[in-house]
Amino acid sequence: MIKILLTELLGYLLFLVFVYIEEPILVVAFIAAMAIAGITLKKRAGLLLQELEKTYVENIGKVGLIAVMIALTIPFAIMGDSYWLQILNFMMLNAMMALGLNFMTGRAGLICLGYAAFMAIGAYTVGILTLKAGISFWIALPFAGVFASLFGVILGLPALRVKGHYLALVTIAFGLIVQELLLNLESVTGGTNGLIDIPSPHFLGIDMGTTVNFGFMSMTYQANFYYLCLALLVLTTVVIYRFSNSLFGLALNAMREDQLAAQCYGLNLTNYKLLAFAIGAFFGGIAGGVYAAMINFIAPENFGYSLSIIVISMIILGGLDSIPGALVGAFFLTVFPEKFRAFEDYRVMFYGIIIVLCLLFMREGLLPFKHRIFKPKTAARGEEN
Amino acid sequence: MTIELIVQQILNALGLGIMYALIAVGFTLFFGVIEVVNFAHGEVFMLGAFVALLSGGILTSIGLTMGSVPYFLGILVLVLLTGSIFGILLERFIVRPMRGAPDIMTLLITLGASIITREAVMLFVPNGRNPQPFPKLFDVDSINIGGVLIKPETILCIILSAVLISGLYYIIEKTTFGRYIRATAQDREAAMMMGINVKKVFIITLALGSALGAVAGLMNGLSYGIIKFNMGFAAGIKGFAAAVVGGLGNVYGAIAGGMLLGFLEIFVVSTVPDGSSYQDLISFVIVILCLVFRPAGIFGERAYEKV
Amino acid sequence: MLFITIQHRIVPMFQVLYKGDEATSCIKQGVALLFYKIFFAKAKLIIKKNWGEQEMLKKIICFAVLMVFLMGMVSGCGSKKSETVKIGFIGPLTGGNAAVGMGLKHSAELAVKQANESGKNKYKYELVVVDDGGDPSTAVSAANKLIADKGVVAVFGHFNSGCALATVPIFHKNGMPILVTAAIHPDITKGSFKEVTRIMTAANVQNEFAGNLATQEWGVKKIALIHDKTDYGKTNATQFADTAKKNGAEIISEDGISVGQQDFAALLTKIKAENPEAIYFGGVATEAALLKRQMADLQMNCLFLSDSGIISDTFNKIAGDAAQGMIAFNIGKPLEDLPGGKAFIKAYDDAKFTEPHEAYGHFAYDSANVVMAAIEKAGTTDKAKIAEAIRATNNYPGVIGNISFDDRGENTLKLITPFISENGKWIPYYKSTIKVVDKKVAKQ
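Please read all numbers here as calculations on a predicted model, not as lab measurements.

## Describing the domain arrangement of chain A
All names here are of chain A.
- By domain assignment, chain A separates into domain 1 (1–77) and domain 2 (81–384).
- For domain 1 versus domain 2, the separation of C-alpha centres amounts to 25 Å.
- Across the contact, seven residues belong to domain 1 and eleven residues belong to domain 2.
- Listing elements by their share of the side of domain 1 that touches domain 2, those giving two or more residues are α2 (24–44) and α4 (60–77).
- Ranked by residue count, the leading element in the side of domain 1 that touches domain 2 is α4, at four residues.
- Of the residues belonging to the side of domain 1 that touches domain 2, the class tally is seven nonpolar, no polar and no charged.

Okay, structure coming up:
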C-alpha cells in the first residue's frame, strides 16, 4: 500500500516538474534522464520492478483510487494554468477514445482506421441537440454515445463479412464518408462552417464555461471540464475494465485469435462483433460530446483521418488490448508533443516513427497485455452465468 | 450530350483509369504473392513523381536537354529505379521483420511507413510542403481531332502503361522467374520445397510492383503538372479500391478494376449534378459494396486466380 | 540535397531552441551545458566502473531527480521578471499556411521593435508568439496559452477564419481584446463583442465588389460556379453568385470539388458544353491553377474569376503559360501603392528577416501598431479599457491607410483590388495591359 502511494507520488512529482520546465533543451534532458533512469532500473533492479508490478496488479483497485485522488489535485498543483488544463483535458478525451478503440481493435481484433468518425458523430450530436434543439448537455451526452454506437453497428454490418485488410479499408472509407456527409448535410451540420457557439453545460446551476473562484485562487473554465473529463475517464476505464474481464471480453479475445475456432465453441460472432463495435464507438461518441461542449466550436476538419491515426498510434504505443497501455499511450502522445510545439512540423512524422518502431521492436507496447489469470472466485461467477 | 463530348469524356476516363490500374497492379501483386496489403504503396506513387521532378537537374547536368526523348527515358529509368529501391527497402525493413505477425500488425506497420515517407518528403524536400509545379516534358499543345481535344500527355501515358503492362505480362507468363512468382503465389510452402528462393521472389515482387506505382506517379505529374507530398494517400486508396474491385490477387482484374473506376468516376462527374463533389467518395462506396457483396471481385469466383 | 536540408530544417530548429531574450537564454544555456557535462561525466564514470552496484544505482537516480528539479528552478526563474507590457500574436506558424504566418509574425516583430526603439512610448512592449497551426482546436489551446499568461493584455493575429471563429468566443469570455489581422469570414464579428475588432476587410465586401464588376461593368450574363467545399471557397462563391443574380445574371451550374483533387477534365468538359461566359471559382491556388491549366487543355477561353485565396506565386508557377488572363479579387491594394507601403517594405528589408513578409505582413504590422497605440492611449494594462481604446481608434495612419472601426468592430477602410495574371505575375487590373473586352480577356 505504502509502496503504491510512494511510487505514484513520485510519478506525480515528475509529471509536475515536466509541466513546469519550458525550454525544449531542458525537456529533452529531462526525457533523456527519465529514459536512462528507467533503463537502468530495469537492468539493475528488475526484481524490484517485478515485485512492484505484482503489487500493482494485485491491488489494481487501490492503485486506481490513489491515482484518481492524485489527479483531483492536479488543477491546484499547476496553479490553474489554463493551457495545461486544456492539454490534460484533451489527453483525457484522447484516453477515452484510445480505450474505446482498444476495445474494438485490441480486444476484439477488429481494426478501425476511421475512429475519428465516432468522435465526430458524438460531437455533432451534442452540438446539434444543445444548440438547435436546446436540450441540456447532460441529456445530450448519453445520446452522443448512443448515436456513435448506432453508427458503430452500421459500420459493423459490412465488417461482418470482411476482415483484416479489407476491414481496414472499409473503416477508412467509413471515416471519410462520415466527414463528407458532415460537410454536405449543411442544413443540419452547418457544412464547412461547422457549428459555432455551442452552449457550455450547466452543472448545479453554474455555467461550466465560466471562471470558478475558489476563494484563494480562481480557475478558468478548463478546470470545470477537467473534473468532468476525469469523472468520465474513470467511468470509461471501469466500464471497459469490467467488460474486458467478463466472459464477454474473453469471448472477444477468442474471436480475435481465431474466428473459426471461436465459432466452433458456439460463439455467435455476429452479435459479438456488433457489440464490440457498439461499445468501442460509444466512448468515442462521449469523448466527442465533451469536446463539442468544451471547445464550443466543431467543424468537419477537426475529425479527419489523421485523428484516427493518432488514436491508433496511442494504443500501439501502449500495447494492444492493454487498458493501462491505452491510458499511458494517450498520455505520452498528447502531453509530450505539447512540449515540442517548436517542432510541430515533425509531429505527424513522430507518430509514424512511433508506430513503426513499436511494431518492429516492441510489438506488445509499453505496458503489454497480460493474459488473464482466473482467480477461482471469478471463474466460479463465470460458471454461474 | 454530343458525340464529341462523349469521346472527350472517354479519353479523360482512359487517362485516369490507366493510372489507377498501374497502382492497383502493385497492390494485387503484393497480396497475391506475399499476402500483404501494403498501405505504403500510395507513397511510392508520390515518390516517383518527386524523383521525376528532382532528377531533372541531374539529367541536364549530364548533357541531356529537356523535351528530348533520351531525357524522358532517363527520367523514366530513374523513376523505375527509385520505385524498385523503395520496394526492396520496404521488403527488407518493414515486411520481412513482420513475417508471422498478425495481419493487423503488418497493416499498421505499412501505414506507419507510409506516414514517415510522406512526412519526410514534406519536411526534407525544399519547399516540400507546397505543391510543386511539374515541368512539361514535351512542349506540344492539345491536338484537335474533330472537336475532340487530345492531350499529348494522355497519349504518352496510355502508350507507356501499355508497354509496362505487357512487360509485366511477359515477365509473369513467359520467364522462369515469372513461373517462380506464380508458383509462390499458388502455394508458398510447395514452392519452397521445389527449391524456389521465396525470399528473392518476395523482393522482386515488391520491387516490380513498386516500380509500376512510381511510374504512375510520374504519369500523374505529366498529366496534371503538379505534385504534392500528400497525393499518395488518395492514390493509394483508389489503387486499392481498383485492386479489390478486380479481385485482389488477380493482376488482369486489377487493370480492369482500375479502368472501371476511372470510367465510373468520370461518368458520375459528367452526368450527376454536382457529381464532382463526390468524385473521391465513389471509390470508397464501391469498395464497400464490392467487399460486402462480391469479396472476390466483380469477376467472381471463377476468374479468381492468384496472378 | 543534404546541405539544403541542413539549411532549411536544422538551422531554424536551433534558432527556435535558443530563442528568448539573450541574457536569460545565455544563463540557461550555460546551466544546460554544465548539466550536460556533469551528467555525462558522471554517467560515463558509473558505466565504466562498477556497473554492478546497487548503491550506485540509487545515487544515479537521486542525481537525475535532483538535476531535474534544478532545471525546473532555473527555467522557472527565467520565465518571470520584466515589467514590460506583453501583447500576444496568434497565427499559423506551422501547417499549410506557415509561410504567411511567418510573414505576419515578422511584421509584428518589426512593429514592436520600432515602437520600443522610438522611445516615445510609456511602455516597453514584448511580443508573445503562439502558433494556431491553421487548425481550430490547436488555435483554442494556443488562445488559452495567451489568456493564461497574466502579462498579456491584448492579442492580435489569425489568418485562418476557422481559427478565428473558434477562438473569438474564448477571448470574449476571458475579456481579452483581440484584433483580427487577416481572417476574413464575415461571422467573426457577428457577435459584436466589444473585445473583437478586425483590421481586415471582410470577405463579403470583396465578393459583392467582384459580383458587381463582373455583371455590371463586364456584362457577364452566364456564370458557372465552382468551389472547393471549404468554408472559404464556398462562402466566396455563394456571395459572388448572390450579387450576380441580383444584377440579373444567370448561374448555370454549381459544382463542388475536393481540396487535393487533381482531375477536373470531366467537370470542365461538362461545363464547356453549357457555354458559360465566365467561371467563378471559390478556393485556393492549387486547385485554381489546375482548373486553369485544364481549361487551357480543353481550349476554353471564357473569363475565369476567383477570390483572394489564389493570389500567390504558386498559382502562376503551377498554371504556367495557362495562368495568363486569370482574374482574382483581393482585399487591400498592392503594398507599394498603399500610403505606407514603401516605408514598410524598406523597414522590413532592413530588418533582414529570414522569411518574406508575404501578402499580409503589413496587416500584422498595422495590427501591432494599432494595439500598441491603443494601449498607450488607455495608459493602463486593464484589458477592458484597452479593448475600448482599440475600438475607439480613429483615423490611425497605418500602412493600409487611415484605420477606424465601426460599431461591429469592422475596419471602415475597405479596399478591394481586382488582379490579373500577366506574364507570370499578378498585376493590379488598373495597371495591367490585359483588359476584359467583350467578356474575354485581351491584350490592349
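## Re the confidence of the model for chain B
Residue and element names in this part refer to chain B.
- This prediction gives chain B a mean pLDDT of 83; 97% of its residues lie at or above 70.
- Per-element confidence in chain B ranges from a low mean pLDDT of 46 for helix α12 (residues 300–303) to a high of 90 for helix α8 (residues 198–224).
- Contacts from residues 302–307, a stretch scored under 50 in pLDDT, to residues over four places away or in other chains number 20 contacts.

## Description of the confidence of the model for chain A
All names here are of chain A.
- In this model, chain A carries an average pLDDT of 82, and 93% of its residues clear a pLDDT of 70 or more.
- For chain A, the element scoring lowest by mean pLDDT is helix α17 (residues 376–384), at 47; helix α6 (residues 116–131) scores highest, at 92.
- Across residues 379–385 the pLDDT falls below 50, and counting only partners more than four positions away or on other chains, this stretch makes three contacts in the model.

## A closer look at the interface of chain C and chain B
- In this complex, chain C contributes 32 residues to the contact, which on the side of chain B involves 28 residues.
- Those elements that place two or more of their residues in the side of chain C that touches chain B are α1 (2–17), β7 (250–256), α9 (265–273), α10 (285–297) and α11 (313–319) of chain C.
- Top contributing element to the side of chain C that touches chain B by residue count: α9 of chain C, with six residues.
- The residue inventory of the side of chain C that touches chain B, partitioned by class, reads ten nonpolar, 13 polar and nine charged.

## Concerning the nonpolar core
- Core analysis: the biggest nonpolar cluster contains 346 residues, and Met96 of chain A, Val215 of chain B together with Val371 of chain C have the highest contact counts within it.
- Excluding anything up to four places from it in sequence, Val371 of chain C contacts Ile87, Ala154, Phe156, Leu179 and Ile390 of chain C.

## Observations concerning unusual backbone geometry
- Phi at Asp321 of chain A is positive, roughly 70°, even though this residue is not glycine.
- Examined against the element boundaries, Asp321 of chain A turns out to sit in the loop between α14 (305–318) and α15 (323–339).
- Phi is positive for Lys352 of chain C, close to 55°, though the residue is something other than glycine.
- Mapped onto the elements of the fold, Lys352 of chain C is located in the loop between α12 (341–351) and α13 (361–378).
- Taking the C-beta count within 10 Å as the criterion, Lys352 of chain C has 6 such neighbours and is therefore assigned exposed.

The rules we used
Residues numbered from 1 in each chain as written. Chains lettered and ligands numbered in written order. Predicted model: local features only at pLDDT ≥ 70, side-chain atom pairs only at ≥ 80, totals over all residues. Domains from an automatic or database assignment. Contact = placed C-beta atoms within 7 Å. Helix = DSSP H or I, 4+ residues; strand = E, 2+ residues; numbered from the N terminus. Nonpolar A, V, L, I, M, F, W, Y, C, P; charged D, E, K, R; others polar. pLDDT = per-residue confidence, 0-100. Core = buried A, V, L, I, M, F, W, Y, C linked by C-beta atoms within 7 Å. Buried ≥ 20, exposed ≤ 12 C-beta atoms within 10 Å, placed from the backbone.

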